[in-house]
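Okay, here's what each chain looks like letter by letter:
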Amino acid sequence: MSDTGGTHKRVAILVSGGGSNMVTLVKSMTGDHPARPCLVLSNVPDAGGLTKARDLGIPTAVVDHRDFKDDRAGFEAALNAALERARPDIICLAGFMRILTETFTSKWSGRCLNIHPSLLPKYKGLHTHQRAIDAGDAEGGCSVHEVTAELDGGPIVGQARVPILPGDTADTLAARVLVQEHLLYPAVLRRFASDDRSLLRLS
Ligand code: GRF
């Protein structure tokens, strides 16, 4: 499925876990889509997403952050080297659980997207679903944003909402939001690859 010859934008996807968002992104890039996947990279050698990517025929790479201990610059240099070999036009963070510094984000500025499971600017960081429930919010959701040096803080290019229902736990809410993530991220990527950065609201 990895057809990156010539006319298509090249997309690298970074994952740390199961990679369900990565799968929906890869599967969306067919037919008249302006982009094709060129690489799935993980900082976790046994991430489930790597197996799924291989099964989909996408080239994979691993840059294990544990090899770099506290050397964040060294980790990001290795990450950049692996990415540069794949020559991506766009990078999609999809459940990539490492904080990236300004050195990395400025290099890929305007070319890097992330999906975050909250209605940004609410609930940057971790435990988003529990925080939304604890706050008594009526709605949760997910956001796709451009990646900048501010964690989960770049310009928002897509958002989808779901209701928070009585009796919801972080797990039931996460499952409801994930359904929307799988719709939102491919829809945003398609527009982004066509240079449309206007805000997409799905629900
Ligand atoms: C998603 O909820 C994503 O928004 C969050 O981590 C989860 C990754 O899931 N940052 P998957 O690896 O795409 O299945």
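The structure presented is a predicted model; accordingly, all values stated were derived computationally and were not measured.

Caption draft 1: Layout of the overall build of the chain. Tallying secondary structure elements over the chain gives six helices and eight strands in all. When its helices and strands are written in sequence order, the chain yields β-α-β-α-β-α-β-α-β-α-β-β-α-β. Against the compact-globule benchmark of 17 Å for 203 residues, the chain has a radius of gyration of 16 Å, which places it among compact chains. In terms of overall dimensions, the chain has C-alpha extents of about 50 × 45 × 30 Å along its principal axes.

Caption draft 2: Inspection of the packing of aromatic side chains at higher detail. One pass over the full model with this rule turns up two aromatic pairs. Centre to centre, the rings of phenylalanine 68 and phenylalanine 75 are 6.0 Å apart; their planes meet at 65°, and the pair counts as edge-to-face. With relative accessibility at 23%, the residue phenylalanine 68 sits in the partly exposed group. Relative to tryptophan 108, the ring of phenylalanine 104 has its centre 6.4 Å away and its plane inclined at 45°; by these criteria the two rings are tilted. Comparing phenylalanine 104 with tryptophan 108, the two get one shared label, buried. A cation over a ring is seen here: lysine 107 above tryptophan 108, with NZ or CZ 5.2 Å from the ring centre.

Caption draft 3: A look at the nonpolar core. If you look at the biggest cluster of nonpolar residues, it comprises 37 residues, and the most contacted ones within it are Val11, Ile13, Met22, Val40, Cys92, Val144 and Tyr185. Both domain 1 (1-108) and domain 2 (115-203) contribute no fewer than three residues apiece to this core. The contacts of valine 11, once residues within four sequence positions are left out, are Met29, Ala35, Arg36, Pro37, Cys38, Leu39, Ile90, Cys92 and Leu189. Counting residues in hydrophobic clusters, the runner-up holds 20 residues, among them Ala12, Cys38, Leu79 and Ile91.

Caption draft 4: View of the site of the ligand. Around the ligand, a shell composed of Gly18, Gly19, Ser20, Asn21, Gly95, Ile115, Pro117 and Glu181 is seen. One of the backbone nitrogen or oxygen atoms of asparagine 21 is found 2.8 Å away from an oxygen atom of the ligand. Relative to its free-state accessible area of 370 Å², the ligand is covered by the protein chains to the extent of 77%. Residue composition of the shell around the ligand, grouped by class: two nonpolar, five polar and one charged. No fewer than three residues from each of domain 1 (1-108) and domain 2 (115-203) sit in the shell around the ligand.

Caption draft 5: Representation of the packing of helix α1 (residues 20-28) against helix α6 (residues 170-193). Where α1 contacts α6, the two axes come as close as 9 Å, and the packing angle between them is 40°. Taken as axis vectors, α1 and α6 run oblique relative to one another. Helix-helix and strand crossings are classified by hand; for α1 and α6 the assignment is right-handed. In this structure, α1 contributes Ser20, Asn21, Thr24, Leu25 and Ser28 to the contact, and α6 contributes Leu178, Glu181, His182, Tyr185, Pro186 and Leu189. Here the contact of α1 with α6 is composed, by residue class, of five nonpolar, five polar and one charged.

Caption draft 6: Examining unusual backbone geometry more closely. The residue after leucine 120, namely proline 121, is reached through a cis peptide bond having omega 15°. Within the secondary structure, proline 121 is located in the loop between β5 (112-116) and α5 (128-134).

Caption draft 7: Inspection of the pairing of β5 at higher detail. β5 sits mainly inside the fold: five of its five residues count as buried. The two faces of β5 match: Cys112, Asn114 and His116 on one face and Leu113 and Ile115 on the other face are all buried. Bridge count for strand β4 (residues 90-93) against β5 is three bridges, and the pairing is parallel. Considered in β5, the bridge of cysteine 92 is made with leucine 113. Each parallel crossover has a hand, and the one from β4 via helix α4 (residues 102-107) to β5 is right-handed. Note: β5 against strand β6 (residues 139-146), four bridges, orientation antiparallel.

Caption draft 8: Quick peek at helix α2 (residues 48-55). Among the residues of α2, Gly49, Leu50 and Ala53 are the ones counted as buried. Angularly, the buried residues of α2 cover 100° about the axis, an arc narrow enough to put them on a single face. The inward-facing, buried residues of α2 contact β1 (9-15), α1, β2 (35-42) and β3 (60-62).

Analysis parameters
- Residues numbered from 1 in each chain as written.
- Predicted model: local features only at pLDDT ≥ 70, side-chain atom pairs only at ≥ 80, totals over all residues.
- Heavy atoms only, no water.
- Helix = DSSP H or I, 4+ residues; strand = E, 2+ residues; numbered from the N terminus.
- Rg over C-alpha atoms; globule rule 2.2 N^0.38 Å.
- Phe/Tyr/Trp six-rings, centres within 6.5 Å; stacked < 30°, edge-to-face > 60°.
- Buried < 20%, exposed > 50% of the residue type's maximum accessible area, 1.4 Å probe, protein only.
- Lys NZ or Arg CZ within 6 Å of the ring centre and 35° of its normal.
- Core = buried A, V, L, I, M, F, W, Y, C linked by side-chain atoms within 4.5 Å.
- Domains from an automatic or database assignment.
- Contact = heavy atoms within 4.5 Å.
- Near = heavy atom within 4 Å.
- Polar contact = N/O pair within 3.5 Å; in protein donor to acceptor, adjacent residues only side chain to side chain.
- Areas by Shrake-Rupley, 256 points an atom, 1.4 Å probe, with all protein chains shown as cover.
- Nonpolar A, V, L, I, M, F, W, Y, C, P; charged D, E, K, R; others polar.
- Axes fitted to C-alpha atoms, helices over the stretch in contact; angles between N-to-C directions.
- Parallel < 35°, antiparallel > 145°, perpendicular 65-115°, else oblique.
- Left-handed = near helix turned anticlockwise from the far one by under 90°.
- Pairing = 2+ DSSP bridges.
- Right-handed = clockwise from strand over helix to strand, strands pointing away.
- Arc of directions from axis to C-beta.

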